[in-house]
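Structural description and commentary
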Amino acid sequence: MSRPTRRLTVAQALVRFLTVQYTERDGVRRRLVAGTWGILGHGNVAGIGQALLEAGGQAMPFHQGRNEQAMVHAAVGYARQCNRLSAQAVTTSIGPGATNLVTGAALATINRLPVLLLPGDAFATRTAEPLLQQLEHPVHADVSVNDTLRPVSRSFDRVTRPEALVPSALRAMRVLADPAATGAVTLALPQDVQAEAYDWPEEFFAERVWPVRRPAPDPAELDAAVRAVRAARRPLVVAGGGVHHSEAEDALRALVDATGIPVASTQAGKGSLRHDHPADLGGVGHTGTAAADDIARTADLVLGVGTRHTDFTTASGTLFAHPDVRFVNLDVNPADAHKMAARTLVADARSGLEALTAALAGYRVDAAYEAEYRAGRERWEGAVTAAFRADDDGAVPTQSQVLGVLDSVVGDEDVVVNAAGSLPGDLHKLWRARSPRQYHLEYGYSCMGYEIPGAIGVQLAAPGTPVWALVGDGTYLMMPTELVTAVQEGLPINVVLVQNHGYASIGGLSERTGGERFATAYRYRTADGSYTGDPLPVDLAANAASLGMDVLRAATVGELRAALTAARASDRPTCVYVETGETGPAAPGAAAWWDVPVAEVATREAAVTARAAYERQASRVRRHL
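Now for a look at the structure at hand. (Residues numbered from 1 in each chain as written. Predicted model: local features only at pLDDT ≥ 70, side-chain atom pairs only at ≥ 80, totals over all residues. Heavy atoms only, no water.)

1. Some details on helix α18 (residues 451-461)
For α18, the tally of buried residues reaches nine of eleven residues, placing the bulk of the element in the interior. For α18, the complete set of buried residues consists of E451, I452, P453, G454, A455, I456, G457, V458 and Q459. (Buried < 20%, exposed > 50% of the residue type's maximum accessible area, 1.4 Å probe, protein only. Helix = DSSP H or I, 4+ residues; strand = E, 2+ residues; numbered from the N terminus.)

This is the structure in structure tokens:
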């Protein structure tokens, strides 16, 4: 007996397939691919574009973007807000539309966040060759520009025949839904194949549920981890983004309440404990708090939970300085669990933390250790208060005061989005995270331009939630395009646009490494060739207004408070523009060293001095074996 079939184009079949894919965790089912972003061109307009039109917005919601990289950022923001249980697709034409995906794909894969990429590709039949925008490789005729997506994708396939879509689409869903394997998934779609018809088996369009499991730890691994914790006198938890992805915040708090072990958080993990929990020490690493980094230097056991242990987190091997320090890593991804020569606990973060708490019954850190770290966090809270303090409402605010005023305006449910520049360091040190999803920092790739589209993705995932994109002038100039999308879609994101006339973060790094802030200011070029003239007469507030945003200008602390309050109450996309001052309260400096090599040979005094300081610090670098 022949099986029933349905005749559709490849693009129609793919869109139909995506509408019936679901994840399920803890009994809750969600659409795996909940919408599609797209800019239509000659690689997808007659294929995926036509299929989306035919499917309709109820079956597959469509979002019109302005820049392909930004569309990926928006999809990533959406997936993170959904704890990786729901994702979005991004479709592009061939050529520059496809290659513009690369940065966003790298960001998604590095941050372990799911996004489905559907770039158009050259003809599989090669009947039209060379195609407009086609790369003609002199050796590899089967290579297209889409191959640039291979190294930044967790799964890559080129669908050159209709029937090949079936295994390729199933593989793509498996990777998207797997917390240990997820990231950018690319299905390159030759434009002739997109439009080709095929008789598809009806089973291909049946609802599929991809279970997101909570694997429990291996008993032997759990036993070893418990023995390590019980033997430690100064244990420390480093909470990473995996705590949030697993929705393990309550399990972490239960472990901490039972054992007294303090918690320091990475950029992705901040908010794993509420800021006012007595065991929350704040951010760790180069942009961390003194309270967290002081404890990290003397910790004899570091329990990493859902963290990748990047150089900012570990401060390039110099932060964890106890001579006998050992690591236990609880992570669903074995590759991350094995970092830092750790004892591994390969498991879901929630399942692993619950098992640890049960197995550690009766264990608690020494009372003197608790008193020590609690005193440290109280001292740091005083530093935060000082950095936020703004006694003169008529003064021009510093950047830390901008954050302090915002802190006084937001509620527990608000989400603050940021990614690059000097703001991430100040936020990691100072922000008082009040809920698990409030602090949304993309720092795996630290990609300028993420903030605005990322905020749009968060808003789509959590309608009605006040969402703030914190943007410096350098980041704003990278990618303001999706302001138009927010206006078009009526998404009431709030953009706090901080004007400090240049790359503040890189300027500071340049000064510390002997670069003398070369080429980091947005100023006129002077006669000697340097950029040290007057500030450029750009008006970014006017630019935001020209793109359809409501714009509120704030010149003083008082005006800023009023503008932020008005923006939060507005139901329209709103930009609050503020120029920061150079005098007044600022965030404390770095509490841990970051390894950025300095020129070994130089004639300028600044570089020679910086090299000497670098060599002193580099001598302390340690490999944890």
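Structure shown, so let's carry the discussion forward.
2. A short note on the pairing of strand β15 (residues 301-305)
In terms of residue burial, β15 counts as a mostly covered element, since five of its five residues are buried. Both faces of β15 are covered, namely the face carrying L301, L303 and V305 and the face carrying V302 and G304. Relative to β15, strand β12 (residues 235-239) runs parallel, the two being bridged by five bridges. Among the inter-strand pairings, P235 is bridged to a residue of β15, identified as L301. (Pairing = 2+ DSSP bridges.)

3. Description of the packing of aromatic side chains
Following the criterion strictly, the structure yields eight aromatic pairs and no others. Residues Y198 and W200 carry aromatic rings whose centres are separated by 4.8 Å and whose planes lie at 70 degrees to one another, so their mutual orientation is edge-to-face. The class of W200 is buried, set by a relative accessible area of 0%. Put simply, the rings of F17, Y198, W200, F204 and F205 pair up and form one aromatic cluster. The ring of Y577 carries the charged tip of R553 above its face, separated from the ring centre by 5.7 Å. (Phe/Tyr/Trp six-rings, centres within 6.5 Å; stacked < 30°, edge-to-face > 60°. Lys NZ or Arg CZ within 6 Å of the ring centre and 35° of its normal.)

4. Concerning helix α11 (residues 290-298)
Restricting attention to buried positions, one finds in α11 the residues A291, A292, D293, I295 and A296. On the buried face of α11, the contacting elements are β12, β13 (263-265), β14 (280-283) and α15 (367-388). (Contact = heavy atoms within 4.5 Å.)

5. Here we look at the environment of G421
The residue G421 is located in the loop between β18 (415-418) and α17 (423-430) in this model. Residues G421 and M448, 27 residues apart in the sequence, show an inter-C-alpha distance of 7.5 Å.

6. Topic: the sheet that holds strand β16 (residues 326-331)
Strand order across the open sheet formed by six strands is β14-β13-β12-β15-β16-β17, with parallel pairing between neighbours. The two strands at the open ends of the sheet, each matched to only one other strand, are β14 and β17 (343-346). Mean inter-strand twist for the sheet, computed between neighbouring axes without regard to direction, equals 20 degrees. Where β15 and β16 come together, five bridges link them in parallel fashion. Counterpart to G304 in the pairing with β16 is N329. Taken strand by strand, helix α8 (residues 219-231) contacts β15, β16 and β17, and its axis lies near 130 degrees from that of β17. (Axes fitted to C-alpha atoms, helices over the stretch in contact; angles between N-to-C directions.)

7. Structural notes on the sheet that holds strand β8 (residues 155-158)
On the basis of which strands lie adjacent, the open sheet formed by six strands has the order β5-β4-β6-β7-β9-β8 and parallel pairing. The open sheet has two free edges, formed respectively by β5 (62-64) and β8, since each of these has just one partner strand. Pairwise comparison of adjacent strand axes, ignoring direction, gives a mean angle of 20 degrees for this sheet. Bridge count between strand β4 (residues 33-38) and β5: three bridges; the pairing is parallel. The residue bridging G38 from the neighbouring strand is Q64, located in β5.

8. Focus: a nonpolar patch on the surface
A cluster of nonpolar residues, L40, V45 and F62, forms a patch on the protein surface that exposes about 240 Å² of accessible area. Looking at the secondary structure, you find F62 in strand β5. You can call F62 partly exposed: its relative accessible area is 33%. (Patch = residues over 30% accessible without salt bridge, like charges linked within 9 Å, V, L, I, M, F, W, Y side chains within 5 Å. Areas by Shrake-Rupley, 256 points an atom, 1.4 Å probe, with all protein chains shown as cover. Salt bridge = Lys/Arg side-chain N within 4 Å of Asp/Glu carboxyl O.)

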